Amino acid sequence: MHKSKLVNMFDMLKRAHDGHYAIAHININNLEWIKGVLSAAQETNTPVILGVSEGAAKYMCGFKNVVDMVNNVLDTMNVTQPVALHLDHGTFEGAKAALIAGFSSVMYDGSHLSFDENIKETQIIIDLANKQNASVEAEVGAIGGEEDGKRSGGELADVEQCRKIAQLPLACLAAGIGNIHGIYPSDWTGLNFERLKAIHDATHDIPLVLHGGTGIPDTMVQKAITMGVSKVNVNTECQLVFAEATRKYIEANKDLDAKAKGFDPRKLLKPGVEAVKNKCIEKFKVFGSLGKA
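Here is a short report on the structure shown in this document.

Criteria and cut-off values
Residues numbered from 1 in each chain as written. Predicted model: local features only at pLDDT ≥ 70, side-chain atom pairs only at ≥ 80, totals over all residues. Heavy atoms only, no water. Helix = DSSP H or I, 4+ residues; strand = E, 2+ residues; numbered from the N terminus. Buried < 20%, exposed > 50% of the residue type's maximum accessible area, 1.4 Å probe, protein only. Contact = heavy atoms within 4.5 Å. Polar contact = N/O pair within 3.5 Å; in protein donor to acceptor, adjacent residues only side chain to side chain. Pairing = 2+ DSSP bridges.

Moving on: the environment of aspartate 109. Within the secondary structure layout, aspartate 109 lies in the loop between strand 4 (105-108) and helix 6 (115-131). A relative accessible area of 14% means that aspartate 109 is categorised as buried. Note: C-alpha distance between aspartate 109 and aspartate 18 (91 residues apart in sequence) is 25 Å. The contact partners of aspartate 109, leaving out residues within four places of it in the chain, are His89, Gly90 and Glu139. Of note is the side chain of aspartate 109, whose polar atom sits 2.8 Å from the side chain of histidine 89.

The structure is reproduced here in structure tokens:
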């Protein structure tokens, strides 16, 4: 194994914050996802964050296997853009395990704890990350929707709590501003920009994170980026286009073409990989990060 090409999020997010654009955090689920996202980044000279939930890591046979797969793909594809491998919504034990396995960044989600406990445990994760030259994202105010089977309502983060936790050496802060994971309900009232401004003013320009990027209107996302959001998480949208492209391939009976061996999984999954790649490039453009490596 060659030395890892992975980088932490500090430099890419500072550059994004100063340049008023956002880095796309794209959740990966398997080898196809890794290839699709990295192809998009390499072909457009764009920095990217590969996000991995604990559920996805388990599906991919553990943190170490994810690290090895990503590093090997980076080498094989000769990726030269900045790429961070980031644990999404990590538990305390999960964040520690991901760092030990070689993740270059972790989110420790202590938003379900009392604020004092959240601060205490986040600091422990930061101390471990520092030894690995890795970065840490913290969360205040639970992001709504569903993540790894757990549901919660969207909250507005407490501004004073954001101010206090931002005094830790974090790469970025996820603070609830009415955003949720998954598909947004028809009665969603939108992002709370008043709260976003108050949080950004109180946190001394720390890069902020917008979770639940799927379903928020582009204009709303772009406004949030002008107000301090430097990282936008996208997962559901890529899953939807992957499923749609795969369904079209099968509905066209291409998998039944024995002569062309359309049933070969490499052919069956190819349209989905292309769809994920194209969706990533679309998001790079919306977030303003295209070509910013």
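Further remarks concern the pairing of strand 8 (residues 172-175). Alternating residues of strand 8 divide into Cys172 and Ala174 and Leu173 and Ala175, and every residue in both groups is buried. Of the strand pairs in this sheet, strand 5 (residues 135-140) and strand 8 are connected by four bridges, and their pairing is parallel. The residue bridging valine 140 from the neighbouring strand is alanine 175, located in strand 8. Where strand 8 meets strand 9 (residues 208-210), two bridges bridge the pair, whose relative direction is parallel. Within strand 9, the position partnered with alanine 174 by the bridge is valine 209.

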